Amino acid sequence: MKKTVLAALLVIFCCINVYSVIAASEENIKIYVSPQGSDNWDGSMERPLATLNGAKLRVRELKKNNKPIDVIFREGKYIVDQTVKFNYEDSGTKSAPIRYMGEDGKEVVFSGTKVIDASGAQKVSDPKVLNRLKENVRDKVVSIDLKKNGISKEVYNWTQKTAQNSENGGFCVKPLQIFYNSVRLQPARWPNSGMVNILDVPEKDKISFKESAPLNWESDKNIVIRGIFSVPWFIEDTGLLDIDKENRILSIGKTRYAPAMGYSNVSWYAYNVLEELDIPGEWFIDYTSGLLYFYPPKEITDGSTIEIGYFSDNMIELEDADYIEFSNLEFYGNRAEALSKNASYTEKYDGNGFVLLNSNHITLQDCKIHDIANDAVVIRGTNISVDGCEIYSIGSWGVYSIGGGGTQYNVSGNNSVTNCHFWDMATDESNNVAGAVGIDGANAYLYGDAYGEYDIGFRVENNVMHNCKSSAIYSSGNDNLIKNNEIFNCLNLMSDAGAIYYGRRWGQFGPVIENNYIHDIGAKKKIHASAAVYVDDRYTNSVIKNNIFWLDNPFDGCGVFINGGIYNKIKDNIIIGSREMVRGG
């Protein structure tokens, strides 16, 4: 009898639980969005909305039901032509979060580009242009008139205007992002990869060279020079003003660090050079005529497109918002008008993917963010999670934190970057510490007075990071954890840095660097010091343990470099292929 009663109760209990699961599922309000929808419709499956902003406004109407809301985007491309801004009115709650998600198994893409029909491209016929092109590509390069296709001079002239302005020394300009059939093209440059050494500095703002290629260039004002002109931790852009071909000397514009021969890696390359448009996938813009010349990587056919990174602001902004999730969405293709985070204390910093300010319990899950002019994700707040995302081809930082937690009571912000894949980071950033993840609340003054808003308890775990010209991770604040990451092919251009770098704040404690695998880093030549972990300028009480550093850099690298500071602990690490295991400075 007892067994029968127990069995009956068990059946009833299971039914109740199954019903609860079904009821919970049925309680979620669903809003549908489609590129073929309309924001005048109700967001039902049959009458979907058309835009993210339209969905956000519909969520506001339905929030009063106090139920979780799922906004489901159907497959297709959504054009971003204005920043979508979320605030407290758009917040969810712990029991009723708001989730913006892509349809399962489908590509849902948000793009800040403007599309041009590539079939309108013309073979080059201007004799002056043909004579400047190399003979073997004259029948392969085509041109498109940007102005006639709705791309204003304000857009296409940005790089040249900035690089040639003598007041703008000290920054990497953000070149226009151009795509052919969704594949990003590169500015025509010399050399096609890497940099060439500065031979000498005969006078102020002049550098000499030994190679013959620049002798073939016209010294017009289309050419931009990017170089490590002096200190090994800073790369910057400037204009080419003149070429003294007889003495092989370039006259260049203003730079933050005047050209000097003190370090072994002073070097440069040139981009937007018509004479060097010589491999498939390169482009050149004549800033005077507004003509885009490019070498198609594949034959142009009906349906081929050119996309121009057109939208110049942040794509998504959250301020004072809570309990919102974005998942299975892709964002790409914008441009930036700010020079750099360091351009001015008051200048607006634009051209980012996501900007999350004073927001809490925000999740980016399984998103793809790429070809963003500045930072992919900027965060300030607590309980913010970036998980399972692919982030690549980013002008500056992958994830850049400007504060989470508080120093007054050492409260953890509980922010995290986990299970992500980062590559091709900081493609157009000046400083040597810009990379995949920057935990930088103490220094991020541009978004407001962030001094004292250190990041506390930030976690960077289980990520893969590679192809960074400098550092992969920068950390400031207290009690941060950097664990179980694989980092490789970084520090391949700039030096006096580390794959993981932290420093400059003697009053901060931590982080813990644990169980990371760092390998194949450095430029593989003798330059200024680079390290797997670089503890700089009096940083205190960090722990570096149980890591594997396989550096394969016998020239000037080391496992751990400590430049001042106290109570830093290094234990149980395996360090291979380094000239020195640990170095003090």
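Residues numbered from 1 in each chain as written. Predicted model: local features only at pLDDT ≥ 70, side-chain atom pairs only at ≥ 80, totals over all residues. Heavy atoms only, no water.

Novice: Sorry if this is basic, but what is going on with the side chain of Asp 536 here?
Specialist: When you line up the elements, Asp 536 lands in strand S44 (residues 530-536). Of the polar contacts made by the side chain of Asp 536, one reaches the side chain of Asn 563; its length is 2.8 Å. (Helix = DSSP H or I, 4+ residues; strand = E, 2+ residues; numbered from the N terminus. Polar contact = N/O pair within 3.5 Å; in protein donor to acceptor, adjacent residues only side chain to side chain.)

Novice: Sorry if this is basic, but what is going on with the packing of aromatic side chains here?
Specialist: We describe a pair of aromatic rings using the distance from one ring centre to the other and the angle between the two ring planes. The final tally for this structure, using the stated rule, is 22 aromatic pairs. The interplanar angle of 75 degrees and the centroid separation of 5.4 Å between the aromatic rings of Phe 73 and Phe 110 together place this pair among those described as edge-to-face. With Phe 73 in strand S2 (residues 69-73) and Phe 110 in strand S6 (residues 108-111), the pair connects residues that are 37 residues apart, well separated along the chain. Comparing Phe 73 with Phe 110, the two get one shared label, buried. (Phe/Tyr/Trp six-rings, centres within 6.5 Å; stacked < 30°, edge-to-face > 60°. Buried < 20%, exposed > 50% of the residue type's maximum accessible area, 1.4 Å probe, protein only.)

Novice: It is not clear to me how the pairing of S44 should be interpreted in this structure. Could you clarify?
Specialist: Remember that side chains alternate between the two faces of the sheet whenever the strand is regular. Burial runs high along S44: 7 of the 7 residues are buried. Two elements, strand S41 (residues 497-503) and S44, share 6 bridges in a ladder whose sense is parallel. The residue of S44 that forms the bridge with Gly 498 is Ala 531. (Pairing = 2+ DSSP bridges.)

Novice: In this structure, what is going on with the environment of Gly 435? I would like to understand it.
Specialist: With respect to the secondary-structure elements, Gly 435 resides in the loop between strand S34 (421-425) and strand S35 (437-439). A sequence separation of 37 residues divides Gly 435 from Gly 398, and the C-alpha atoms of the two residues are 6.6 Å apart.

Novice: Looking at this structure, how should I read helix H2 (residues 52-62)?
Specialist: Given 3.6 residues to a turn, an α-helix orients residues that are three or four positions apart in the same direction. The set of residues buried in H2 consists of Leu 52, Gly 54, Ala 55, Lys 56, Val 59 and Leu 62. Where the residues of H2 are buried, they touch strand S1 (29-33), S2, strand S4 (84-86), strand S5 (98-102), S6 and strand S23 (316-319). (Contact = heavy atoms within 4.5 Å.)

Novice: Is there a simple way to think about the environment of Glu 107 in this case?
Specialist: Looking at where Glu 107 falls in the secondary structure, it is placed in the loop between S5 and S6. The exposure class of Glu 107 is exposed, given its relative accessible area of 55%. The sequence separation of Glu 107 and Gly 76 amounts to 31 residues, and the corresponding C-alpha distance is 6.4 Å.

Novice: Looking at this structure, how should I read the side chain of Ser 542?
Specialist: Checked against the element boundaries, Ser 542 lands in the loop between S44 and strand S45 (543-545). When its relative accessible area of 0% is taken as the criterion, Ser 542 is described as buried. Only 2.6 Å separates the side chain of Ser 542 from the side chain of Asn 568, close enough to count as a polar contact. With sequence-adjacent residues up to four places away left out, Ser 542 is seen in contact with Tyr 502, Gly 510, Pro 511, Val 535, Tyr 567, Asn 568 and Lys 569.

Novice: How do you make sense of the pattern of salt bridges when you look at a structure like this?
Specialist: Oppositely charged side chains can form a pair if their charged atoms are brought close together. This structure, assessed with the given rule, holds 15 salt bridges. Linking Arg 132 and Glu 218 is a salt bridge whose minimum nitrogen-to-oxygen distance equals 3.6 Å. Of this pair, Arg 132 sits in helix H3 (residues 127-132) while Glu 218 is found in the loop between strand S15 (206-208) and strand S16 (224-228), placing the two residues 86 residues apart along the sequence. For Arg 132, a relative accessible area of 17% corresponds to the buried category. What emerges from the salt-bridge pattern is a single network uniting Arg 60, Glu 89 and Asp 90. (Salt bridge = Lys/Arg side-chain N within 4 Å of Asp/Glu carboxyl O.)

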